[in-house]
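The chain contents come next:
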Amino acid sequence: MSEHLHDEEQVEALKRWWHENGKSTIAAVVLAVCGTFGWQQYQAWDAGRAGDASEAYSLMLAQLDIQTPAAQAKAIDLANLLKDEYESSSYARFAAMTLAAKAVEQQDFEGAEAELRWALSHGDSQSEMGQLIQLRLARVLAARGDNDAALAILNGGSDAYPAAFAIAIGDIHLAAEQESQALAAYLKAREMAQPLGSAPGLLEAKITSLQSRLSAAEAVAAETEVDAEGSSS
């Protein structure tokens, strides 16, 4: 499940989001009456909460970098604090993703699923972050043996991570020894990755391996399936 913990999409999403939001406060909800004393009081309260959440999240990241049991336990406590006290913030969603990653490390896929479903339900499921959570959830469901539920998520597609979704589909089929379906998914992933540059080396290795194992007819059928999908889209 290394993809669940370390794939480039999550790293880049975290960096982008933290760069854009980590050093600033979250915008307050627009109220009908502005300029009043109550509005000013609300602004001060909301800015204070956003600052507290930002500080807790920053501290959580710092503790995660310290490879000691005490620091890791502190990071988990801070993640739970963010979920409990700031559940409507993006900080809380990232905290839930952190707890899910920790659960996966311990092979607790049920716990990971619960954290990811919490994160998915506390924000826009179709946002960039929401799609990343869906990708994580699909991989966890597959690890639990629920391939149908995992594929139902992934087959919905992704604007933010189309290649990663296709790779995950291929991985699920490959684990189920459905090699022709896996190859078709990997070929689709490579096609999606091309506009962004060369496909990842691991993806190319998977494609080469499957092409060498499958019969010529099966390999051609997989390629034809990808071409047909491309022409119809």
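Quantities reported herein were computed from a predicted structural model and do not represent experimental measurements. (Residues numbered from 1 in each chain as written. Predicted model: local features only at pLDDT ≥ 70, side-chain atom pairs only at ≥ 80, totals over all residues. Heavy atoms only, no water.)

## Thoughts on the overall build of the protein
Counted only if it meets this: Secondary structure elements follow DSSP: runs of H or I of four or more residues count as helices, runs of E of two or more count as strands, with numbering from the N terminus. Accessibility here uses a 1.4 Å probe with only protein chains present; expressed as a share of the type maximum, an area under 20% marks a residue as buried, one over 50% as exposed, and anything in between as partly exposed. Here the open area of atoms and residues is found with the Shrake-Rupley method and a 1.4 Å probe, where only the protein chains shown may cover a residue.
Scanning the protein from terminus to terminus reveals 12 helices and zero strands. The order of α-helices and β-strands along the protein, N terminus first, is α-α-α-α-α-α-α-α-α-α-α-α. In the protein, which comprises 233 residues, the proportion classed as buried is 40%. Summed over its atoms, the accessible surface of the protein is roughly 12500 Å², and 52% of this surface lies on carbon and sulfur atoms.

## Some words on the packing of aromatic side chains
Stated precisely, the cut-off is as follows: Aromatic pairing here means that ring centres of Phe, Tyr or Trp (its six-membered ring) are within 6.5 Å. Orientation follows from the plane angle: under 30 degrees is stacked, over 60 is edge-to-face, and everything else is tilted.
All chains considered together, the criterion is met by two aromatic pairs. For the ring pair Tyr 57 and Tyr 91, a centre distance of 5.5 Å and an interplane angle of 55° mean the geometry is tilted. With Tyr 57 in helix α3 (residues 37–64) and Tyr 91 in helix α5 (residues 90–105), the pair connects residues that are 34 residues apart, well separated along the chain. For Tyr 91, a relative accessible area of 0% translates into the label buried. Measuring from centroid to centroid gives 6.2 Å for Tyr 57 and Phe 94, while their planes differ by 40°, and the two rings are tilted. Taken together, the residues span a long stretch of sequence, with Tyr 57 in helix α3 and Phe 94 in helix α5 at a distance of 37 residues. Each member of the pair, Tyr 57 together with Phe 94, is buried.

## Some remarks on helix α6 (residues 109–121)
For clarity, the cut-off: To estimate the expected span of a helix, count its residues, drop one, and scale the result by 1.5 Å.
Compared with an ideal rise of 1.5 Å per residue, which puts 13 residues at 18 Å, α6 spans 18 Å between its outermost C-alpha atoms and is within 8% of the ideal. Residues of α6 that are buried: Phe 109, Ala 112, Glu 113, Glu 115, Leu 116, Trp 118, Ala 119 and Leu 120.

## Here we look at the packing of helix α8 (residues 147–154) against helix α9 (residues 162–175)
Operational definition: Axis definition: a line fitted to C-alpha atoms, limited for helices to the stretch in contact. Angles are taken between N-to-C directions and run from 0 to 180 degrees. Roughly parallel here means an angle under 35 degrees, roughly antiparallel means over 145, roughly perpendicular means 65 to 115, and every remaining angle is called oblique. Here is the rule for handedness: rotate from the far helix to the near one, and if that takes an anticlockwise turn smaller than a right angle the crossing is left-handed, while a clockwise turn gives right-handed. Contacts: residue pairs with any heavy atoms within 4.5 Å of one another. In this classification, the charged set is Asp, Glu, Lys and Arg, the nonpolar set is Ala, Val, Leu, Ile, Met, Phe, Trp, Tyr, Cys and Pro, and all remaining amino acids, among them Gly, are polar.
Where α8 contacts α9, the two axes come as close as 10 Å, and the packing angle between them is 160°. When the axis of α8 is compared with that of α9, the two are roughly antiparallel. For α8 against α9, the interelement crossing comes out left-handed. Touching Asn 147, Ala 150, Leu 151, Ile 153 and Leu 154 of α8 are Phe 165, Ala 168, Ile 169, Ile 172 and His 173, all from α9. In terms of residue class, the contact of α8 with α9 is built from eight nonpolar, two polar and no charged.

## A closer look at the environment of Met 129
Residue placement: Met 129 occurs in helix α7 (residues 128–143). Linking Met 129 and Phe 94, residues 35 residues apart in sequence, is a C-alpha distance of 8.8 Å.

## Let's talk about α5
Relative to the 22 Å expected for 16 residues at 1.5 Å per residue, α5 spans 23 Å between its end C-alpha atoms, a close match to the ideal helical length. The buried count for α5 comes to 14 of 16 residues, which makes it a mostly enclosed element. Phi turns positive, to about 60°, at Gln 107, one or two residues after α5.

## Details of unusual backbone geometry
Residues other than glycine seldom take positive phi values, yet Gln 107 does so here, at roughly 60°. The exposure class assigned to Gln 107 is exposed, which follows from its relative accessible area of 55%. If you check the backbone angles, Glu 177 has positive phi at about 60° while not being a glycine. On the secondary structure map, Glu 177 appears in the loop between α9 and α10 (179–193).

## Considerations on the side chain of Ser 89
Stated precisely, the cut-off is as follows: Residues adjacent in sequence count toward polar contacts only when both atoms are side-chain atoms; beyond that, a polar contact is any pair of N or O atoms within 3.5 Å, and within protein one must be able to donate a hydrogen and the other to accept it.
Mapped onto the elements of the fold, Ser 89 is located in the loop between α4 (69–85) and α5. For Ser 89, a relative accessible area of 7% puts it in the buried group. Reaching out from Ser 89, the side chain makes a polar contact with the backbone oxygen of Tyr 86 at a distance of 2.8 Å.

## Re the nonpolar core
Counted only if it meets this: Nonpolar cores were defined as sets of buried Ala, Val, Leu, Ile, Met, Phe, Trp, Tyr and Cys residues, with membership established by side-chain atoms within 4.5 Å.
Counting residues in hydrophobic clusters, the biggest one holds 44 residues, and the most contacted among them are Met 60, Leu 82, Leu 116, Ile 133, Leu 135 and Leu 154. Counting only elements with at least two residues in this core, the list comes to α3, α4, α5, α6, α7, α8 and α9. No other element matches α5, which puts 10 residues into this core. The next biggest cluster of nonpolar side chains, apart from the first, holds 11 residues, and it includes Tyr 186, Leu 203, Ile 207 and Leu 210.

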